[in-house]
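Listed below are the residues making up each chain.
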Amino acid sequence: MQKAVLKLDLSDNKDKRKAMKIVSGFAGVDSIDINMKDRKLTVTGAMDPVELVGKLRKTFNTEIISVGPAKEAQKKDDGKKDDQDKKDGDKSNKDSKVYPFPYVYYPPPYYYGRNTSVEEYPNCVIC
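What you see is a predicted model, and the numbers here were worked out from it, not measured in a lab.

**Thoughts on the sheet that holds strand 2 (residues 29-35)**
Then, in step 1: Strand order in this open sheet of four strands is 2-3-1-4, and the pairing throughout is antiparallel. Across the chains shown, the open sheet's two edge strands, defined by having one partner strand only, are strand 2 and strand 4 (62-69). Neighbour-to-neighbour, the strand axes of this sheet turn through a mean angle of 15 degrees, independent of strand direction.
Then, in step 2: Of the strand pairs in this sheet, strand 1 (residues 2-8) and strand 4 are connected by seven bridges, and their pairing is antiparallel. When the bridges of strand 4 are listed, Gln 2 appears paired with Pro 69.
Then, in step 3: Strands in contact with helix 1 (residues 13-24) are strand 1, strand 2 and strand 3 (40-45); relative to strand 2, the strand with the most contacts, it is inclined by about 165 degrees.
Then, in step 4: With respect to the sheet, helix 2 (residues 49-56) is in contact with strand 1, strand 3 and strand 4, its orientation differing from that of strand 1 by roughly 20 degrees.

**Here's the deal with the pattern of salt bridges**
For side chains bearing opposite charge, pairing can occur when the charged atoms are close.
Then, in step 1: Tallied over the full model, the rule gives one salt bridge.
Then, in step 2: With a closest N to O distance of 3.3 Å, Arg 39 and Asp 9 form a salt bridge. Placement of Arg 39 in the loop between strand 2 and strand 3 and of Asp 9 in the loop between strand 1 and helix 1 is noted, with a sequence separation of 30 residues between them.
Then, in step 3: Assessed through its relative accessible area of 40%, Asp 9 is described here as partly exposed.

**A few points about the pairing of strand 1**
Along any regular strand, the residues point their side chains to alternate faces of the sheet.
Then, in step 1: When strand 1 meets strand 3, the two strands line up antiparallel, connected through six bridges. Its bridge partner being in strand 3, Ala 4 is matched across the sheet by Val 43.

Thresholds, definitions, all that
Residues numbered from 1 in each chain as written. Predicted model: local features only at pLDDT ≥ 70, side-chain atom pairs only at ≥ 80, totals over all residues. Heavy atoms only, no water. Pairing = 2+ DSSP bridges. Helix = DSSP H or I, 4+ residues; strand = E, 2+ residues; numbered from the N terminus. Axes fitted to C-alpha atoms, helices over the stretch in contact; angles between N-to-C directions. Contact = heavy atoms within 4.5 Å. Salt bridge = Lys/Arg side-chain N within 4 Å of Asp/Glu carboxyl O. Buried < 20%, exposed > 50% of the residue type's maximum accessible area, 1.4 Å probe, protein only.

Listed below in structure tokens is the structure:
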């Protein structure tokens, strides 16, 4: 989990919308925060900040201010919630079984070409 703070050259809400659309399309982005006064974009999640900046630079002037781990307080709270989910999930998983998807290979059908002769089709020029 990383937190990246970027400085963007945004002028109005239209630019803000464009930036949000670009950033939200990345896989692993958990939260996005744009401060229009300071023109800073804060992104948290498991994403590559270099790729993010590369994509944003196609549209805006972008600078990386800082990249680092996200706040630990959020991780501790998430850990407590995950523990509760695991406890609930263990109860339901005891009764259910997971069956693998049966994968069957069907080879493509063999094409049998027509063997024709001139005697069968006397008017055929190609045969």
